[in-house]
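Listed below are the residues making up each chain.
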Amino acid sequence: MDVDTKFEVPVIEFRSLDLERGTDEWHHLCKRVREACETYGCFEVVYEKISTELRNKMFGLMKDLVELPLERKQKNVSSIPYHGYIGPGSLFSLLYEGFGLVDASNHDSVKNFTQLMWPDDHAQFCDTVYTMATQIEELNKLIWLIIIDSYGLRGKWELVMKHWDYERGLHAHTDKSISTIIFDNQVSGLEIEVKDSQWIKLSIYPSSFVFVVGDTLKAWSNERLKVVNHRVIMNGYKNRLSIATFTIPIEGTIIKTPKELIDEQHPQLYKDFDCNLFYLFCFFHIKKIH
Ligand SMILES: O=C(O)CCC(=O)C(=O)O
Ligand SMILES: [Fe+2]
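Residues numbered from 1 in each chain as written. Chains lettered and ligands numbered in written order. Predicted model: local features only at pLDDT ≥ 70, side-chain atom pairs only at ≥ 80, totals over all residues. Heavy atoms only, no water.

For the iron ion (ligand 2), the full set of protein donor atoms is His173 (NE2), Asp175 (OD) and His230 (NE2), and the range of their distances to it is 2.1 to 2.2 Å. Taken in chain order, the donor set of the iron ion (ligand 2) reads H-x1-D-x54-H. In this pair, His173 is assigned in the loop between β6 (164–166) and β7 (179–184) and His230 in strand β11 (residues 230–232), connecting sequence segments 57 residues apart. (Donors = N, O, S within 2.8 Å, 3.2 Å for Na, K, Ca; no water. Helix = DSSP H or I, 4+ residues; strand = E, 2+ residues; numbered from the N terminus.)

Side chains that differ in sign of charge can pair as their charged atoms come close. Under the counting rule described, the total for this entry stands at 15 salt bridges. Measuring nitrogen to oxygen at the nearest pair gives 3.1 Å for the salt bridge that ties Lys49 to Glu138. Residue Lys49 is found in the loop between β3 (42–46) and α2 (52–66), and its partner Glu138 is found in helix α5 (residues 123–150); the two are separated by 89 residues along the sequence. Taken together, the shared-partner salt bridges connect Glu191, Lys201 and Arg231 into one network. (Salt bridge = Lys/Arg side-chain N within 4 Å of Asp/Glu carboxyl O.)

Let's shift gears to the pairing of strand β8 (residues 190–195). Here β8 lies mainly inside the structure; five of its six residues are buried. Note that β8 and β11 share three bridges and pair antiparallel. What sits directly across from Leu190, in β11, is Val232. In this structure, β8 lies alongside strand β9 (residues 198–201), joined through four bridges in antiparallel fashion. Bridge pairing in β9 links Glu191 to Lys201. (Buried < 20%, exposed > 50% of the residue type's maximum accessible area, 1.4 Å probe, protein only. Pairing = 2+ DSSP bridges.)

Below, the discussion takes up helix α7 (residues 275–284). Where α7 is concerned, the buried positions are Cys275, Asn276, Tyr279, Cys282 and Phe283. All buried residues of α7 project into a common sector of 120° when viewed along the axis, lining one side. Seen from the open side of α7, the exposed residues pointing more than 90 degrees away from its buried face are Leu277, Phe281 and Phe284. Summarising the contacts, the buried residues of α7 are in contact with α6 (215–220), β12 (242–247), β13 (254–255) and β14 (273–274). The opening residue of α7, the one whose side-chain oxygen lies 2.9 Å from the backbone nitrogen of Asn276, is Asp274. (Arc of directions from axis to C-beta. Contact = heavy atoms within 4.5 Å. Polar contact = N/O pair within 3.5 Å; in protein donor to acceptor, adjacent residues only side chain to side chain.)

What follows covers the pairing of strand β5 (residues 98–101). Alternating residues of β5 divide into Gly98 and Gly100 and Phe99 and Leu101, and every residue in both groups is buried. Two strands pair when backbone bridges link them, and strand β4 (residues 85–86) and β5 are joined in this way by two bridges, in the antiparallel orientation. The residue of β5 that forms the bridge with Tyr85 is Phe99.

Turning our attention to the packing of aromatic side chains. Summed over the entire model, instances satisfying the criterion amount to eleven aromatic pairs. Consider the rings of Phe43 and Phe211, whose centres lie 5.5 Å apart with planes at 40°: the pair is tilted. Here Phe43 is found in strand β3, whereas its partner Phe211 is found in strand β10 (residues 208–213), with 168 residues between them in sequence. The buried category is assigned to Phe43, whose relative accessible area is 0%. Summarising the aromatic geometry, the rings of Tyr85 and Phe99 are spaced 5.2 Å apart at their centres and angled 50° between planes, so their arrangement reads as tilted. Here Phe99 lies in strand β5 and Tyr85 lies in strand β4, a separation of 14 residues in the sequence. Phe99 sits in the buried class, given a relative accessible area of 3%. Ring pairing ties together the aromatic residues Phe14, Phe43, Tyr47, Phe59, Phe183, Phe209 and Phe211, which thus form one cluster. The ring of Phe209 is capped by Arg55, whose NZ or CZ atom sits 4.6 Å from the centre of that ring. (Phe/Tyr/Trp six-rings, centres within 6.5 Å; stacked < 30°, edge-to-face > 60°. Lys NZ or Arg CZ within 6 Å of the ring centre and 35° of its normal.)

We now examine the side chain of His173. On the basis of relative accessible area, His173 is assigned to the buried category, the value being 16%. In terms of polar contacts, His173 uses its side chain to reach the side chain of Asp175, at 3.0 Å. If we skip the residues at most four places from it in the chain, His173 touches Val228, Asn229 and His230.

Along the polypeptide, Val210 turns up in strand β10. For the pair Val210 and Ile182, spaced 28 residues apart in the sequence, the C-alpha separation amounts to 5.1 Å.

Our next topic: the confidence of the model for the protein. Confidence along the protein averages 86 in pLDDT terms, with 89% of residues attaining 70 or more. Across residues 158–169, where pLDDT falls below 50, the model places 69 contacts with residues more than four positions away in sequence or in other chains. For this predicted complex, the interface score ipTM comes out at 0.97, alongside a pTM of 0.83. (pLDDT = per-residue confidence, 0-100.)

In structure tokens form, the structure reads like this:
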């Protein structure tokens, strides 16, 4: 499979002067984000508001997490498949190791996770993960608002971010979430599929994040927004650390395509569906891939 290096994922800078809702700059930004999501299903966001210091601190602490004894890491369990600790070889690849942290923008939930991993406490881990999660949540909500405004759907869609995970080293897939924001420690590996079997590797700027449209958002938009197949391919000796924050709505949320997105050229493609039932179905039907 080739990697087409000429193809480039849109890079969109979120400058503070563009972020005032209703201005010409805002509308221009809405247009670019919508085009990127409709064409590629993802884009790179340059967003200086989340500082490089915070990112570096976060990846330093992730190393502490990865280096914990296995018995400790295995304490991170979840009743939902693949939402707790995933050891190397237990999922898709020998290189993959993942930690699920549900509800990371809730301080108590991060504290519980921290105490499980470091019974003697690790306040710096807890505070840094919580700060990062709340800032990512803000960025994610901003992107949703931009998408909503880009379709003229002002005030139509409120979703509460509930869930974030971080994982590493993966087979080709689309995300089930509404959307995902990914960032890494500058060791590249994330690839997206641009045409059948043509993959390109993303090199993300140090202050960028990749916003990826998930299956739920694609369904909500009546397939106006695209999802992109992506994977992680590792070569070389450096460890890649990445954080993927998945957003899913609160329990009981029904995904319903707004009537404004349905017309003769775009007949309704999805029945209304309960998001959590959809996720449960997907997670209980993941096949182990080697
Ligand atoms: O590690 C990455 O860069 C991508 C992670 C990812 O795609 C996922 O966890 O769904
Ligand atoms: Fe993914």
